[in-house]
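# Observations on chain architecture
Chain residues, written in single-letter form:
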Amino acid sequence: MLKAPSHQVAGHQARDGKLGPLVDELGRFYKPLQSGERGSKEVAFYENFCSNTMIPDHIRNFFPIFYGTQLLEASNGSGEHPHLVLEDLASGRVNPSIMDIKIGSRTWPTESPEDYIQKCLQKDRGSTSLPLGFRISGLQVNGSKESALWKPDKKYIKSLSVDDVRLVLRKFVSSNVSADSSVHPDCALASTVYGGSTGILAQLLELKAWFEEQTVFHFYSCSILFMYEKGSVLEGKKSNPGIKLIDFAHVLDGCGVIDHNFLGGLCSLIKFIKEIIYTPNA
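Notes on the structure in this doc start here. (Residues numbered from 1 in each chain as written. Predicted model: local features only at pLDDT ≥ 70, side-chain atom pairs only at ≥ 80, totals over all residues. Heavy atoms only, no water.)

### Some points on the nonpolar core
If you look at the biggest cluster of nonpolar residues, it comprises 63 residues, and the most contacted ones within it are Leu169, Tyr194, Phe219 and Phe226. At 9 residues, the largest contribution of residues to this core is made by helix 9 (residues 260-278). Those residues in contact with Leu169 that lie beyond four places of it in its chain are Met99, Ile101, Phe134, Tyr194, Leu269, Phe272, Ile273 and Ile276. (Core = buried A, V, L, I, M, F, W, Y, C linked by side-chain atoms within 4.5 Å. Buried < 20%, exposed > 50% of the residue type's maximum accessible area, 1.4 Å probe, protein only. Helix = DSSP H or I, 4+ residues; strand = E, 2+ residues; numbered from the N terminus. Contact = heavy atoms within 4.5 Å.)

Structure, rendered in structure tokens:
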């Protein structure tokens, strides 16, 4: 039985008669193919990525598993629609905290139509994409209490300044999560979620090492998904932090050139995460 994802934090959602992704109980995520070339390009990327022998196995772990495509009844009731069949990244996670971070100071490929470029430029200039090389697209954070869930709306997300992004990244690893701006985030989970040998920072650095060498792909408008389990060190719960790359409708052939747009945004994000680990009480 298919249903709308309960932990989706960004992108088009399958509700109110709109076309959006669906999930099943077997851990699969069904993403409607985008119109025009975007859908076919995303399918082509997954097919290329899966068969490309130049991709190291440890890097493949940062990407969703691809199961092919399938015709399914669309969530908006418009009839059958082709869907990407992917790994449901939130499957099996209990009360996950999730954050979608779009990487790159430029989110549009150079070959894009002029109207699309202008649309993306407006978003990039009105967000932290230009000054930081990344922007937060959506998130949900579970606090230490059972009822504590912070999931800011799109209006709040779109208004984030550089200082706000720093605050949100701190709130993401705090047990006292609150929409109240006067509550100082305690960063109680920074050392276990962001830090450590298997934490998010270590994974970002592993990804960075690949991007410093790979010239196969250029990723535009791609996001990194941060995920971990609800809980705190004091409660003795495992956080199981992880990162995944998602959204590949605008991936281009790297043509032997390093993807400096993505790499620059990734390095900027790493700098912010390091600051939180080493100065959690700042």
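Once the structure has been displayed, the description carries forward.
### Things to note about helix 3 (residues 114-125)
The end-to-end C-alpha distance of helix 3, which contains 12 residues, comes to 16 Å, matching closely the 16 Å that a straight helix rising 1.5 Å per residue would cover. Those residues of helix 3 not exposed but buried are Tyr116, Ile117, Cys120, Leu121 and Asp124. Buried residues of helix 3 fall within an arc of 135° about the axis and therefore sit on the same side. Residues of helix 3 that are exposed and point more than 90 degrees away from the buried face comprise Asp115 and Gln122. Each element contacted by the buried residues of helix 3 is listed here: helix 1 (37-51), helix 4 (129-132) and strand 6 (134-142). (Expected span 1.5 Å × (residues − 1). Arc of directions from axis to C-beta.)

### Quick notes on the sheet that holds strand 7 (residues 149-150)
On the basis of which strands lie adjacent, the open sheet formed by 5 strands has the order 7-6-5-9-10 and antiparallel pairing. Bordering the open sheet on either side are strand 7 and strand 10 (242-246), each of which pairs with just one other strand. Note that strand 6 and strand 7 share 2 bridges and pair antiparallel. Directly across from Val141, in strand 7, lies its bridge partner Trp150. Taken strand by strand, helix 6 (residues 162-171) contacts strand 5 (96-103), strand 6 and strand 7, and its axis lies near 35° from that of strand 6. Sitting on the sheet, helix 8 (residues 200-211) touches strand 9 (223-229) and strand 10, and the angle it makes with strand 10 is about 40°. (Pairing = 2+ DSSP bridges. Axes fitted to C-alpha atoms, helices over the stretch in contact; angles between N-to-C directions.)

### Comments concerning the packing of aromatic side chains
The final tally for this structure, using the stated rule, is 24 aromatic pairs. Through a chain of ring-to-ring contacts, three or more aromatic side chains come together here, namely Phe45, Tyr46, Phe49, Phe63, Phe66, Trp210, Phe211, Phe217, Phe219, Phe248 and Phe262. Arg106 extends its terminal NZ or CZ atom over the ring of Trp108, reaching a point 4.6 Å from the ring centre. (Phe/Tyr/Trp six-rings, centres within 6.5 Å; stacked < 30°, edge-to-face > 60°. Lys NZ or Arg CZ within 6 Å of the ring centre and 35° of its normal.)

### Quick notes on the sheet that holds strand 1 (residues 22-23)
Reading across from one edge, 1-2-4-3 is the order of the 4 strands in this open sheet, with antiparallel pairing throughout. Looking at the sheet topology across the chains shown, the edges are occupied by strand 1 and strand 3 (66-73). In terms of strand pairing, strand 1 meets strand 2 (residues 28-32) through 2 bridges, oriented antiparallel. Among the inter-strand pairings, Leu22 is bridged to a residue of strand 2, identified as Tyr30.

### Here's the deal with the pairing of strand 10
For strand 10, the tally of buried residues reaches 5 of 5 residues, placing the bulk of the element in the interior. As paired elements, strand 9 and strand 10 share 5 bridges and run antiparallel to each other. The residue of strand 10 that forms the bridge with Ser223 is Ile246.

### As for the environment of Asn142
Locating Asn142 in the fold gives a position in strand 6. For the pair Asn142 and Pro96, spaced 46 residues apart in the sequence, the C-alpha separation amounts to 7.0 Å. Apart from residues no more than four positions distant in its own chain, Asn142 is found in contact with Asn95, Pro96, Ser97, Ala148, Leu149, Ser174, Val177, Tyr228 and Lys230. There is a polar contact of 3.0 Å between the side chain of Asn142 and the backbone oxygen of Pro96. (Polar contact = N/O pair within 3.5 Å; in protein donor to acceptor, adjacent residues only side chain to side chain.)

Note that all results are geometric; they support no functional claim without further evidence.
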